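Descriptive analysis of the structure
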Amino acid sequence: MRTLISTSFVSLDGKLDPTGGDPELHSTKWTFKTVEFLPEAYEIKGREQEEAGALLLGRASYELFAPVWPGMAEFARYKGLPKYVVSTTLTEDDLVGDWGDNTILRSLDEVAELKDTEGDPILVHGSATLNRALQEAGLIDRYHLLVFPVLLGEGKPLFSDADLPATRLKLVEHEVYANGIQKQVYDVVR
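Residues numbered from 1 in each chain as written. Predicted model: local features only at pLDDT ≥ 70, side-chain atom pairs only at ≥ 80, totals over all residues. Heavy atoms only, no water.

Next up on the list: the sheet that holds strand β3 (residues 54–58). Taken in spatial order, the eight strands make up an open sheet running β5-β4-β3-β6-β1-β7-β10-β9, and their pairing is mixed. Of all strands in the sheet, those bounded by a partner on one side alone are β5 (102–105) and β9 (169–176). Across the sheet, the axes of successive neighbouring strands diverge by a mean angle of 20°, strand direction being ignored. Relative to strand β6 (residues 122–125), strand β1 (residues 4–11) runs parallel, the two sharing four bridges. Directly across from Thr-7, in β6, lies its bridge partner His-125. Contacting β1, β3, β4 (83–86), β6 and β7 (142–148), helix α6 (residues 128–136) runs over the sheet at an angle of about 105° to β3. (Pairing = 2+ DSSP bridges. Helix = DSSP H or I, 4+ residues; strand = E, 2+ residues; numbered from the N terminus. Axes fitted to C-alpha atoms, helices over the stretch in contact; angles between N-to-C directions. Contact = heavy atoms within 4.5 Å.)

Per the counting criterion, the structure on display carries eleven salt bridges. One salt bridge connects Asp-141 with Lys-115, and the closest N-O pair in it is separated by 2.9 Å. On the criterion of sequence distance, the pair formed by Asp-141 in the loop between α6 and β7 and Lys-115 in helix α5 (residues 108–115) is long-range, its members being 26 residues apart. Two residues, Lys-183 and Glu-175, come together in a salt bridge whose shortest N-O distance is 3.8 Å. Through salt bridges with shared partners, a single network forms among Glu-43, Arg-47, Glu-173, Glu-175 and Lys-183. (Salt bridge = Lys/Arg side-chain N within 4 Å of Asp/Glu carboxyl O.)

Turning next to the side chain of Asn-131. Within the secondary structure, Asn-131 sits in helix α6. A residue is classified by how much of its surface remains accessible, and Asn-131, at 1% relative accessible area, is buried. Polar contacts involving the side chain of Asn-131 include one to the side chain of Ser-6, which spans 2.5 Å. Residues within four places of Asn-131 in sequence aside, it is in contact with Ser-6, Ser-8, Val-124, Gly-126, Ile-140 and Leu-158. (Buried < 20%, exposed > 50% of the residue type's maximum accessible area, 1.4 Å probe, protein only. Polar contact = N/O pair within 3.5 Å; in protein donor to acceptor, adjacent residues only side chain to side chain.)

This next bit is on the nonpolar core. Judged by nonpolar contacts, the single largest core of 23 residues is most densely connected at Leu-4, Leu-56, Leu-105, Val-111, Leu-134 and Leu-145. Breaking this core down by element, the ones donating at least two residues are β1, β3, β4, α5, β6, α6, β7 and β10 (182–188). When sequence neighbours within four positions are dropped, the list of residues in contact with Val-111 reads Leu-4, Leu-56, Val-86, Leu-105, Leu-134 and Leu-139. One finds Leu-57, Tyr-78, Leu-81 and Trp-99 within the second-largest nonpolar core, a separate group that totals 16 residues. (Core = buried A, V, L, I, M, F, W, Y, C linked by side-chain atoms within 4.5 Å.)

Quick look at the structure:
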């Protein structure tokens, strides 16, 4: 069985992407406009690329990353990894041709089937709606969080607010950087 890892830049108030307030911080701009850049704070991102066996994305994140990531040197290893996009609306014609194997999954049942295969970890980048659905379905095994010292207010939350039983987490790695970013790696306790 493969490990499903949710990896996110998240604000202290649990947001992935602000939707209100300051338009200069929309999308991923908040991550580099709210703190000083320190390369050591992003070490985990390089490690994730080396350990990953596949990427799992929601439709919106796929449409954001697919036109950009294939040509970026810092994401070179992702180009050769299989990508799985969870969407009920995308078609094969919507998939990019220069980013390795891309497969559309139509349901969380298909994600569960993918998890049941052998292989290296599956990473979920961004994908706010997908992350919440995966959490609600009990499919996430580990969280890799870079928590930024900022309160974004209105925005897309990482975690579901559904009335679910508590999910216990075990802290397996953490570090605090000089710019205030906290690395927090948690395993889901089953």
